[in-house]
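Residues per chain, in single letters:
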Amino acid sequence: AVVSTQSTGKKDSNMTSAQQIERLHKPGAKYLNLNPFYVLQVDPDATEDEVKKQYRRLSILLHPDKNPDNRDQATVAFEAVNKANLMLKEAETVKKFKMIMEEAKNRVLKMMENKRRIAKSKNLPPPIEDPTKFSHLVNVMASKQLADYEIRIGDKEKKDAQEKKRETDLAEECSKRLKKMEDDKKKWEDSREERVATWKDFQFKGEKKKKKKHMLGTYRPPKPRLEEKPSQQ
């Protein structure tokens, strides 16, 4: 069985534009609006024609041009209705949300059963079961499930983004190092002729200096000749 909201359908159909805008902006709307059935105010078992009819009614009520005094909020609400309508056009999405709503319904029923059991154990009258409140609790429970899912997805996306950034940074760092190595290699190769010329010049100067030193070390000045004394007769 699926959750029915027919008990609140008449009330919802009488809501004004301002009331619909307020509904889609009230506290918790960020997660409540993740549920397309809640946004469009249709049952999970609503037919395609019923969804289309409700979408047209809400899109007219919430169109920004129809709400010039509250254009900004009307725009946000109008976009939420459009998004919900698109979601319910996808069979897999509808199936997923029906399962979520069914699980939410079962949780609420279990909660209500526990309350009845507690009341009976304390000899208290059973709690009043208000269909409107029941429908609201189911939507809230479903929204909590969707919120948890969105948070997990958000955390995963954030983690993936951080990992991707780390990999990108690492790749850029490796690329920079490789480019530096290539630049250094090119500079080394480009300076080869200059280094060879410098080495040859150094060798030439060294040989010249060595030769000069050798020449200075082997030179012996001639000994002075002594004047001959005249012989005595």
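Residues numbered from 1 in each chain as written. Predicted model: local features only at pLDDT ≥ 70, side-chain atom pairs only at ≥ 80, totals over all residues. Heavy atoms only, no water.

Trainee: Would you take a moment to explain the overall build of the chain for this structure?
Mentor: Of regular secondary structure, the chain possesses 9 helices and 0 strands. Tracing the chain from N to C terminus, the helices and strands come up as α-α-α-α-α-α-α-α-α. Residues classed as buried in the chain amount to 27% of the 233 residues present. Of the accessible surface of the chain, which amounts to about 18,900 Å², a share of 56% is contributed by carbon and sulfur atoms. (Helix = DSSP H or I, 4+ residues; strand = E, 2+ residues; numbered from the N terminus. Buried < 20%, exposed > 50% of the residue type's maximum accessible area, 1.4 Å probe, protein only. Areas by Shrake-Rupley, 256 points an atom, 1.4 Å probe, with all protein chains shown as cover.)

Trainee: Honestly, unusual backbone geometry in this entry has me stumped. Any pointers?
Mentor: A negative phi angle characterises most non-glycine residues, just as the trans form characterises most peptide bonds. Positive phi, normally seen in glycine, also occurs at Q41, with a value near 60°. In this structure, Q41 sits in the loop between α4 (36-40) and α5 (48-62). Among the residues examined, Q41 registers a relative accessible area of 15% and is labelled buried. For N123, which is not glycine, the phi torsion reads 55° and is therefore positive. By secondary structure assignment, the location of N123 is in the loop between α7 (91-121) and α8 (131-190).

Trainee: Explanation requested: α5 in the structure shown.
Mentor: Helix length check: α5, at 15 residues, gives a terminal C-alpha distance of 21 Å against a target of 21 Å (1.5 Å per residue), a fit within 8%. In the core, the buried residues of α5 are packed alongside α2 (17-23), α4 and α6 (71-87). (Expected span 1.5 Å × (residues − 1). Contact = heavy atoms within 4.5 Å.)

Trainee: Looking at this structure, how should I read the packing of α5 against α6?
Mentor: The description of two packed helices rests on the angle between their axes and on the distance between the axes. Direction vectors running N to C along α5 and α6 enclose 165°, while the axes themselves pass 9 Å from each other. The orientation of α5 with respect to α6, classified from their angle, is roughly antiparallel. Of the two possible hands of crossing, α5 and α6 adopt the one that is left-handed. Between α5 and α6, the contacting residues are V51, Y55, L58, S59 and L62 on the first element and A74, A77, F78, V81, N82 and N85 on the second. Tallied by class, residues from the contact of α5 with α6 come to 8 nonpolar, 3 polar and no charged. (Axes fitted to C-alpha atoms, helices over the stretch in contact; angles between N-to-C directions. Parallel < 35°, antiparallel > 145°, perpendicular 65-115°, else oblique. Left-handed = near helix turned anticlockwise from the far one by under 90°. Nonpolar A, V, L, I, M, F, W, Y, C, P; charged D, E, K, R; others polar.)

Trainee: Can you walk me through the pattern of salt bridges in this structure?
Mentor: Two side chains carrying opposite charge are able to pair once their charged atoms lie near each other. As enumerated under the stated definition, the model contains 7 salt bridges in all. What you see here is one network of salt bridges that share partners, running through E113, R116 and R117. (Salt bridge = Lys/Arg side-chain N within 4 Å of Asp/Glu carboxyl O.)

Trainee: When you look at a negative patch on the surface in this model, what are you seeing that I'm missing?
Mentor: A surface patch of like charges, here negative, comprises D45, E48, D49 and E50. Considering the arrangement of structural elements, one finds E48 in helix α5. Exposure remark for E48: the relative accessible area of 65% places this residue in the exposed category. (Patch = residues over 30% accessible without salt bridge, like charges linked within 9 Å, V, L, I, M, F, W, Y side chains within 5 Å. Lys, Arg positive; Asp, Glu negative; His and termini not counted. Charge placed at Lys NZ, Arg CZ, Asp CG, Glu CD.)

Trainee: For this particular structure, what's the right way to read α6?
Mentor: With 17 residues, α6 extends 24 Å between its outermost C-alpha atoms, agreeing within 8% with the 24 Å of an ideal straight helix rising 1.5 Å per residue. Residues of α6 that are buried include every one of A74, A77, F78, A80, V81, A84, N85 and M87, and no others.

Trainee: For this particular structure, what's the right way to read the nonpolar core?
Mentor: Within soluble globular proteins, side chains that are nonpolar tend to cluster in buried spots. Counting residues in hydrophobic clusters, the biggest one holds 34 residues, and the most contacted among them are L24, V39, L40, V42, L62, V81 and L88. Residue assignment for this core shows that the elements contributing at least two residues are α4, α5, α6, α7 and α8. (Core = buried A, V, L, I, M, F, W, Y, C linked by side-chain atoms within 4.5 Å.)

Trainee: How should the packing of aromatic side chains be read in this particular structure?
Mentor: By convention here, two paired aromatic rings are described through the distance between centres and the angle between planes. In total, this model carries 0 aromatic pairs according to the counting rule given. In this structure, R23 packs its charged tip against the face of Y38, placed 5.1 Å from the ring centre. (Phe/Tyr/Trp six-rings, centres within 6.5 Å; stacked < 30°, edge-to-face > 60°. Lys NZ or Arg CZ within 6 Å of the ring centre and 35° of its normal.)

Trainee: How do you make sense of the environment of E90 when you look at a structure like this?
Mentor: Within the secondary structure, E90 is located in the loop between α6 and α7. Of note is the side chain of E90, whose polar atom sits 2.9 Å from the side chain of T93. (Polar contact = N/O pair within 3.5 Å; in protein donor to acceptor, adjacent residues only side chain to side chain.)

Trainee: How should I be thinking about the confidence of the model for the chain in this particular structure?
Mentor: As a general rule, the predicted coordinates of low-pLDDT regions are not to be interpreted in detail. Looking at the chain as a whole, its pLDDT mean stands at 80, while 76% of the residues score no less than 70. Counted against residues more than four places away or in other chains, residues 1-10, with its pLDDT under 50, gives 20 contacts. (pLDDT = per-residue confidence, 0-100.)

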